[in-house]
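The lines below spell out each chain.
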Amino acid sequence: MSTTVDTTPIARQKRNRFMLQAACIAVSLFMLVPIYLISLAALSTRESLNEFPLSLLPTNLSVETLNAFLGSTGIFAALGNSLIVGAGTLLLSALIGVPAGYALARFTFPGKDPYQLFLLFTRALPIVVLSVPLARLFLTMDIYDTTYAVILLHTALALPTTILISASVFLSVPVDVEEAARLFGCSPLGAFGRVVLPMALPGLAAASIFTFVMSWNEVLGASILTLDHRTLPAQVLSSLSDSPLAYRFAGGFALVIPSIIFIALMRRYLTNMWGSTIR
Amino acid sequence: MADIQISNLVKTYPGGSERATDDVSLSIRDGEFTVLLGPSGCGKTTLLRMIAGLELPDSGSISIGGRDVTYLPPNKRNLSMVFQSYAVFPHRKVRYNIGFGLRMAKVPVEEIERKVQWAADLLQLGPYLDRLPANLSGGQRQRWPWPGPSSWTPTSC
Ligand SMILES: Nc1ncnc2c1ncn2[C@@H]1O[C@H](COP(=O)(O)OP(=O)(O)OP(=O)(O)O)[C@@H](O)[C@H]1O
Ligand SMILES: [Mg+2]
């Protein structure tokens, strides 16, 4: 006599797994299709953009549009400015934000709760409201129209998230581990650098993605604070209305690619948790 | 020589109303095996943390081997302590974790390598030296050696 095996649970599990896969594919497509279309348009010939119906496959590839875009005045400089501003913002906000997050996580001090609330107020103000007085201030300080001015603005915008994310990251690093390092001869700074910081790195990588992408995409403040030293989005925006369609696609392409590269690089740190890799 | 002299140690945690340790005096001779026994919350952990330098007493003094260490930072005390939870560095291999205290004590590299191998053989952790702590079994983790500088050349434990 053989027993009949009830296979419904395993069938349900299979079905659930299939639906999860389908959902993942749907979300990925939602993200990827616009990027694909922009890349396609940026890499197609000018004429093929006017064809009807538009071909969705890369049949008419050429770098002519992109070359024209990159060759137009100010684009390379703007790309450089964007990279400088992004890296500068990353560095400055980490320099200020990571220690601040550590202090929030490890120490109690008077005014700690109001401080955390106050941090978020910078983000409550619209960028325009922040930028106009800043522009005045920077004019009197003689740093108007420099990448440095934009770095300062972007750092101010990024700090709340940097501080709050790194505080919660440091909260997840056990105090025990830090104390053990101290007992074995590390100075406070040594214990931070050798033990706490490496353990916090994946979370800090996440914060840095927010910071870089925010800085890379921010256009309003960068447009107000600069004239000749525009970042890429500000430069593209200022010449968008009077430029051909192909130029706009090429601009979009040039804007998207660097931040995708940055995210891909940081993803390695993000998903590489200690001893286990999220796949 | 590593006698421990504790006299009139008083500690109240900030915000606490009661003293965590109330005028504790104690002397432990070199090589002596001492057990602290008492009800939960009576201040055993607090006392040990003050000896290690992880908490600072409000008054009283601690000296180890004749040297006053009352307010000395933990990294200057040359002590070792096993934590109630396993404090391991999860981002570093087992080998690095075991050798950490020696590395901090600036022991030469070959010497560290030799001693780590010796401890690992003793605890049958040899094959796992190049793994991350997360990839050990529960029992393997319990055999975890925590060799600070002092467990190799004890001044006190
Ligand atoms: N970080 C702290 N802040 C405020 N009070 C504390 C802190 N740590 C301990 N206490 C208080 O100090 C007293 C002594 O605590 P301690 O941890 O030394 O007790 P213990 O003897 O180790 O107890 P157990 O056997 O439960 O581990 C307790 O009343 C405790 O509530
Ligand atoms: Mg205790």
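Enquirer: Looking at this structure, how should I read the domain arrangement of chain A?
Expert: Size of an interface: often given as the accessible area lost when the parts come together. All names here are of chain A. The domain boundaries assigned to chain A delineate domain 1 (7-66) and domain 2 (73-274). The C-alpha-based centres of domain 1 and domain 2 are spaced at 31 Å. Counting residues at the interface gives 9 residues for domain 1, matched by 9 residues for domain 2. Here domain 1 is connected to domain 2 by 0 salt bridges. The interface formed by domain 1 and domain 2 holds 0 residue pairs in polar contact (both at pLDDT 80 or more) in total. For the side of domain 1 that touches domain 2, the elements supplying multiple residues, two or more each, are α1 (8-42), α2 (46-50) and α3 (64-71). A per-element tally of the side of domain 1 that touches domain 2 places α1 first, with 5 residues. Per-class residue counts for the side of domain 1 that touches domain 2 are 6 nonpolar, 2 polar and 1 charged.

Enquirer: Which parts of the structure should I look at to understand the site of ligand 1?
Expert: Residue and element names in this part refer to chain B. For ligand 1, the full set of nearby residues is Tyr13, Ala20, Ser40, Gly41, Cys42, Gly43, Lys44, Thr45 and Thr46. Between ligand 1 and threonine 45, the relevant distance is 2.6 Å, taken from an oxygen atom to a side-chain nitrogen or oxygen of the residue. In the model, an oxygen atom of ligand 1 is placed 2.5 Å from a nitrogen or oxygen of the threonine 46 side chain. If ligand 1 stood free it would expose 630 Å²; the protein chains cover 55% of that surface. Taken together, the residues that form the shell around ligand 1 break down as 3 nonpolar, 5 polar and 1 charged.

Enquirer: Even after reading the chapter, I still don't get the pairing of strand β1 (residues 4-11) of chain B, so can you show me in this structure?
Expert: In summary, the side chains of a regular strand alternate between the two faces of the sheet. Residues and elements named next belong to chain B. Bridging between β1 and strand β2 (residues 21-28) involves 5 bridges; their strand directions are antiparallel. Bridge assignment links isoleucine 4 to a residue of β2, and that residue is isoleucine 28. In terms of strand pairing, β1 meets strand β3 (residues 59-64) through 5 bridges, oriented antiparallel. Its bridge partner lying in β3, valine 10 is registered against serine 59.

Thresholds, definitions, all that
- Residues numbered from 1 in each chain as written.
- Chains lettered and ligands numbered in written order.
- Predicted model: local features only at pLDDT ≥ 70, side-chain atom pairs only at ≥ 80, totals over all residues.
- Heavy atoms only, no water.
- Domains from an automatic or database assignment.
- Contact = heavy atoms within 4.5 Å.
- Salt bridge = Lys/Arg side-chain N within 4 Å of Asp/Glu carboxyl O.
- Polar contact = N/O pair within 3.5 Å; in protein donor to acceptor, adjacent residues only side chain to side chain.
- Helix = DSSP H or I, 4+ residues; strand = E, 2+ residues; numbered from the N terminus.
- Nonpolar A, V, L, I, M, F, W, Y, C, P; charged D, E, K, R; others polar.
- Near = heavy atom within 4 Å.
- Areas by Shrake-Rupley, 256 points an atom, 1.4 Å probe, with all protein chains shown as cover.
- Pairing = 2+ DSSP bridges.

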